[in-house]
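Coordinates in review
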Amino acid sequence: MSDQPGDSHSPIQDAWFYSHVGWIVHPSNDATDYKSISDLAKYPELRWLDRLFLLPVIMLAVMCFLWMGWSGLVLGFVWSTVALWHATFTINSLAHIFGTRRFKTNDESRNNVWLALLTFGEGWHNNHHHYQSSARQGFYWWEIDITYYILWLLSKVGIVWDLRGVPKRVLENGRVD
């Protein structure tokens, strides 16, 4: 449960720095517990990525180097990867501290427009904690969720399917008049 003892991503339970980057290098994160994610474990490609997670990373680094030399490796791979990681990590470290709470949840999750723009929608974190089954984290039209827009487009061409939206009852519950 979020922001409770044992949550390695929580800035409430651990230090801010640990919630931002420390958890990723902690030894407890080495093995995947497939029993807790049985719905995902049934896909061999995801198990393959879990087992050989460094292979795509190394392939991308090599392609950046072969395409653009050292500057391609440094700018196209290292800097962009570090920027992406830190943008992603802000959801753990900042989206439980800064922002607004549309829904009452059992944690400190918050919606933050700046984080949502930086992470293409992940910053609508309180929405996500309130109703986790939706592919969409920006529940309302004014909550920009670029990731959802991309998933929606991919669903129209058959690459993605079974996108779960936000039920009307959830939208009504969170509406601010």
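Preceding block: the structure.
Before going into details, it helps to say that this report is about the structure given with it. Small disclaimer: the values here were computed from a predicted structure and weren't measured.

Moving on to the overall build of the chain. Scanning the chain from N- to C-terminus turns up eight helices and zero strands. Traced from its N-terminal end to its C-terminal end, the chain shows the element sequence α-α-α-α-α-α-α-α. Summed over its atoms, the accessible surface of the chain is roughly 12100 Å², and 66% of this surface lies on carbon and sulfur atoms.

Another aspect to go through is the environment of L154. Position of L154 among the secondary structure elements: in helix 7 (residues 146–156). Take L154: its relative accessible area is 28%, and that puts it in the partly exposed class. Apart from the residues lying within four places of it in its own chain, the contact partners of L154 are I159 and V160.

Turning next to the environment of A135. Its location among the elements puts A135 in the loop between helix 6 (125–130) and helix 7. Judged by its relative accessible area of 25%, A135 falls in the partly exposed class. It is 6.5 Å that separates the C-alpha atoms of A135 and Y148, two residues lying 13 residues apart in sequence.

On to the environment of H86. Note that H86 resides in helix 4 (residues 54–93). H86 sits in the partly exposed class, given a relative accessible area of 36%. Between the C-alpha atom of H86 and that of V21, which follows or precedes it by 65 residues, the distance is 8.1 Å. Here H86 is in contact with H20 and V21, once residues within four sequence places are set aside.

Attention now goes to a nonpolar patch on the surface. Together, L40, Y43, L46, W48, L49, L52, L55 and M59 give the surface a local cluster of nonpolar side chains, amounting to about 680 Å² of exposed area. Of all the secondary structure elements, the ones that give two or more residues to the nonpolar patch are helix 3 (44–51) and helix 4. Sorting elements by how many residues they give to the nonpolar patch places helix 3 first, with three residues. Inspection of the secondary structure puts M59 in helix 4.

Let us now look at unusual backbone geometry. Of note, F120 is a non-glycine position whose phi angle comes to about 65 degrees, a positive value. Mapped onto the fold, F120 is located in the loop between helix 5 (113–118) and helix 6. With relative accessibility at 43%, the residue F120 sits in the partly exposed group. Even without being a glycine, D162 presents a positive backbone phi close to 55 degrees. Residue position: D162 is located in the loop between helix 7 and helix 8 (168–174). With relative accessibility at 68%, the residue D162 sits in the exposed group.

Our next topic: the packing of aromatic side chains. All chains considered together, the criterion is met by four aromatic pairs. Centroid distance W141 to W142: 5.7 Å. Interplanar angle 90 degrees. Geometry classified as edge-to-face. Owing to a relative accessible area of 45%, W142 belongs among the partly exposed residues under this scheme. An aromatic cluster is defined as three or more aromatic residues linked by ring pairs; in this entry it consists of Y140, W141 and W142.

Reading guide: rules and limits
- Residues numbered from 1 in each chain as written.
- Predicted model: local features only at pLDDT ≥ 70, side-chain atom pairs only at ≥ 80, totals over all residues.
- Heavy atoms only, no water.
- Helix = DSSP H or I, 4+ residues; strand = E, 2+ residues; numbered from the N terminus.
- Areas by Shrake-Rupley, 256 points an atom, 1.4 Å probe, with all protein chains shown as cover.
- Buried < 20%, exposed > 50% of the residue type's maximum accessible area, 1.4 Å probe, protein only.
- Contact = heavy atoms within 4.5 Å.
- Patch = residues over 30% accessible without salt bridge, like charges linked within 9 Å, V, L, I, M, F, W, Y side chains within 5 Å.
- Salt bridge = Lys/Arg side-chain N within 4 Å of Asp/Glu carboxyl O.
- Phe/Tyr/Trp six-rings, centres within 6.5 Å; stacked < 30°, edge-to-face > 60°.

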